[in-house]
Amino acid sequence: KAAAAAEEEAPKEPEPLDYRKVAADIAELLDDVDYDDGSYGPVFVRLAWHASGTYNKADGTGGSNGATMRFGPEAGDGANAGLDVARNRLEPIKAKYPQISYADLWTLAGVVAIKEMGGPSIPWKAGRTDAVSAESCPPQGRLPDASKDRKHVREVFNRMGFDDREIVALMGAHVLGRCHPDRSGYHLPWTYNPTTFTNAYYTLLASEYWKKEKNWDGPMQYSNRKGTGDIMMLPTDMEMLWDRTFKQYVKEFANDEQVWFDAFSSAFKKLIELGVQFPAEAPDIVLE
Ligand code: ZEM
């Protein structure tokens with residue numbers, strides 16, 4: 001009798017997911033002495049950026065919603081080379097919390113990584129859903145090409161809806177991580193502390209003497225002469241210095257790290273929310 005009564009009870013609503021717990025588990029996955037500079041943080045940030053940076057505000061296609069990088073056309077895009085490392089690292093989190101969408105997981109991982117590496121707490125909210133097939137993949141060629149000039153950089157970021165100051169603010173993420181010859185073809189990190197979120201990208205860009213790197217058979221890039229020639233800038237990074245308007249913002253962010261944290265925080269939040277229709281009740285979660 002008791003068993004029959006229990007059977008008649010309505011199935012329990014699934015517990016709402018505690019995203020702070022998910023975030024804490026992601027944070028545990030960051031450090032690994034055997035990987036790169038000791039942290040998966042930089043590649044998590046690149047994953048969140050590439051998942052989002054395909055957005056086209058003119059027709060609403062692309063963006064983080066859908067997590068379409070799981071599918072062949074986008075996973076195999078040369079621009080995304082190496083991001084399988086980040087996606088695979090996050091699989092145990094998806095296995096532990098099957099309720100979370102990949103689209104939410106990848107963007108949350110970027111936010112957690114920035115916070116854990118000493119950056120701002122970027123408010124994040126849940127509500128992205130996963131696409132079911134490759135048909136939702138955006139066309140290739142929407143992500144920026146590092147060998148190109150300011151015109152290309154503006155075209156790509158204006159297409160997403162970013163202005164000049166937001167472009168320069170986002171670019172400071174290159175304080176993190178490094179280039180990998182087997183991923184992009186470039187090499188070296190941008191800064192001397194590539195797992196710490198500081199405004200060093202701007203201070204180095206503005207203060208070092210940058211020269212085309214000699215004795216390098218990869219794609220043309222810049223390296224510093226004043227230092228030991230062990231940090232780099234991409235051609236698109238140099239445009240931040242060569243374009244008068246971009247350069248004003250480089251100086252602004254080099255002079256005041258807090259001003260940059262604020263500008264980066266709002267631009268990154270905007271980036272990972274492009275094209276997403278969040279449920280009306282979705283609260284912003286701010287990690288401590
Ligand atoms: Zn990057 N980025 N990026 N970027 N990026 C690389 C690495 C990283 C450009 C680009 O071509 C490259 C933004 C903007 C732009 C990160 C974050 C953000 C690499 C090296 C290249 C070539 C990849 C490799 O070899 O592993 C271009 C052309 C950009 C705009 C014009 C924005 C915006 C970012 C975030 C807000 C990060 C964190 C990395 C380091 C990844 C790692 O694995 O260390």
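Residues numbered from 1 in each chain as written. Predicted model: local features only at pLDDT ≥ 70, side-chain atom pairs only at ≥ 80, totals over all residues. Heavy atoms only, no water.

1. Some thoughts on the overall build of the protein chain
(1) Moving on: Summing up its helical and strand segments, the protein chain has 13 helices and five strands in all.
(2) Moving on: Once the C-alpha set of the protein chain is aligned to its principal axes, its extents read approximately 85 × 40 × 35 Å.
(3) Moving on: Expressed as a percentage of its 288 residues, the buried residues of the protein chain come to 53%.
(4) Moving on: Approximately 13,800 Å² of the protein chain is accessible, and the part contributed by carbon and sulfur atoms is 49%.
(5) Moving on: Side-chain charges of the protein chain comprise 33 positive and 44 negative groups, with the mean position of each set lying 6 Å from the other. (Helix = DSSP H or I, 4+ residues; strand = E, 2+ residues; numbered from the N terminus. Buried < 20%, exposed > 50% of the residue type's maximum accessible area, 1.4 Å probe, protein only. Areas by Shrake-Rupley, 256 points an atom, 1.4 Å probe, with all protein chains shown as cover. Lys, Arg positive; Asp, Glu negative; His and termini not counted. Charge placed at Lys NZ, Arg CZ, Asp CG, Glu CD.)

2. A look at the coordination of the zinc atom of the ligand
(1) Moving on: For the zinc atom of the ligand, the sole protein-derived donor is His 174 (NE2), lying 2.2 Å away.
(2) Moving on: As for its placement among the helices and strands, His 174 is situated in the loop between helix H9 (164-171) and strand E1 (178-179). (Donors = N, O, S within 2.8 Å, 3.2 Å for Na, K, Ca; no water.)

3. Considerations on the domain arrangement of the protein chain
(1) Moving on: Looking at the protein chain, the domain boundaries give domain 1 (19-142 + 269-273) and domain 2 (150-267).
(2) Moving on: Each of domain 1 and domain 2 has a C-alpha centre, and the two are 21 Å apart.
(3) Moving on: Contact with domain 1, which involves 30 residues of that partner, is made by 23 residues of domain 2.
(4) Moving on: When residues of domain 1 are sorted by the area they lose upon contact with domain 2, Asp 37, Met 117 and Lys 270 head the list and together hold 26% of the total.
(5) Moving on: Counting across the interface, domain 1 meets domain 2 through two salt bridges.
(6) Moving on: Residue Glu 166 pairs with Lys 270 through a salt bridge whose shortest N-O separation is 3.1 Å.
(7) Moving on: On the surface where domain 1 and domain 2 come into contact, there are 15 residue pairs in polar contact (both at pLDDT 80 or more).
(8) Moving on: Sorting the residues of the side of domain 1 that touches domain 2 by element identifies helix H3 (41-52) and helix H13 (257-273) as the ones contributing at least two each. (Domains from an automatic or database assignment. Contact = heavy atoms within 4.5 Å. Buried area = accessible area lost by both parts, 1.4 Å probe. Salt bridge = Lys/Arg side-chain N within 4 Å of Asp/Glu carboxyl O. Polar contact = N/O pair within 3.5 Å; in protein donor to acceptor, adjacent residues only side chain to side chain.)

4. Re the packing of helix H2 (residues 19-28) against helix H7 (residues 102-116)
(1) Moving on: At their nearest, the axes of H2 and H7 sit 9 Å apart, and the two run at 65 degrees to each other. In the crossing of H2 with H7, the sense of the turn from one axis to the other is right-handed. Contact residues: H2 offers Tyr 19, Val 22, Ala 23, Ile 26 and Ala 27, while H7 offers Asp 104, Leu 105, Leu 108, Ala 109, Val 112 and Glu 116.
(2) Moving on: In terms of residue class, the contact of H2 with H7 is made up of nine nonpolar, no polar and two charged. (Axes fitted to C-alpha atoms, helices over the stretch in contact; angles between N-to-C directions. Left-handed = near helix turned anticlockwise from the far one by under 90°. Nonpolar A, V, L, I, M, F, W, Y, C, P; charged D, E, K, R; others polar.)

5. Some remarks on the packing of helix H11 (residues 235-242) against helix H12 (residues 244-255)
(1) Moving on: The contact between H11 and H12 brings their axes to 5 Å, and the two run at 90 degrees. In terms of axis orientation, H11 runs roughly perpendicular to H12. Listed contacts from H12 to Glu 239, Met 240, Leu 241 and Trp 242 of H11 are Arg 244, Phe 246, Lys 247 and Val 250.
(2) Moving on: Looking at the contact of H11 with H12, its residues break down into five nonpolar, no polar and three charged. (Parallel < 35°, antiparallel > 145°, perpendicular 65-115°, else oblique.)

6. A look at the side chain of Asn 56
(1) Moving on: With respect to the helices, strands and loops of the structure, Asn 56 is situated in the loop between H3 and helix H4 (72-75).
(2) Moving on: Excluding residues that lie within four positions of it along the chain, Asn 56 makes contacts with Thr 61, Arg 142 and Arg 159.

7. Some details on the sheet that holds strand E4 (residues 222-224)
(1) Moving on: Taking strand neighbours across the sheet as the criterion, the three strands line up as E3-E4-E5 in an open arrangement whose pairing is antiparallel. Two strands lie at the open edges of the sheet, namely strand E3 (210-212) and strand E5 (232-233), each paired on one side alone.
(2) Moving on: Here two bridges tie E4 to E5, and the two strands are oriented antiparallel to one another. Bridging across to E5, Ser 223 finds its partner in Met 232. (Pairing = 2+ DSSP bridges.)

8. Remarks on the site of the ligand
(1) Moving on: As a structural note, the neighbourhood of the ligand is formed by 25 residues, with His 174, Gly 177, Arg 178, His 180 and Ser 184 the closest of them.
(2) Moving on: In the environment of the ligand, an oxygen atom lies 2.9 Å from a nitrogen or oxygen atom belonging to the backbone of Arg 178.
(3) Moving on: The separation between an oxygen atom of the ligand and a polar side-chain atom of His 180 is 2.6 Å.
(4) Moving on: Where the shell around the ligand is concerned, the elements lending two or more residues are H3, H9 and E1. (Near = heavy atom within 4 Å.)

9. What about the environment of Lys 125?
(1) Moving on: Along the chain, Lys 125 falls in the loop between H7 and helix H8 (150-160).
(2) Moving on: Discounting residues that sit within four places of it in the chain, Lys 125 has contacts with Asp 104, Lys 269, Glu 273, Phe 278, Ala 282, Pro 283 and Asp 284.

10. Observations regarding unusual backbone geometry
(1) Moving on: Non-glycine residue Ala 67 carries a positive phi angle of around 45 degrees.
(2) Moving on: Note on placement: Ala 67 falls in the loop between H3 and H4.
(3) Moving on: The backbone of Asn 215 shows a phi angle near 55 degrees, a positive value even though the residue is not glycine.
(4) Moving on: Position of Asn 215 relative to the elements: it lies in the loop between E3 and E4.

11. Some remarks on the pattern of salt bridges
(1) Moving on: Considering all chains together, one arrives at 14 salt bridges under this definition.
(2) Moving on: One salt bridge connects Asp 32 with Arg 89, and the closest N-O pair in it is separated by 4.0 Å. Of the two residues, Asp 32 is situated in the loop between H2 and H3 and Arg 89 in helix H5 (residues 83-89); the sequence distance between them amounts to 57 residues.
(3) Moving on: Salt bridges sharing partners connect three or more residues here, namely Arg 150, Arg 154, Asp 164, Glu 239 and Asp 243.

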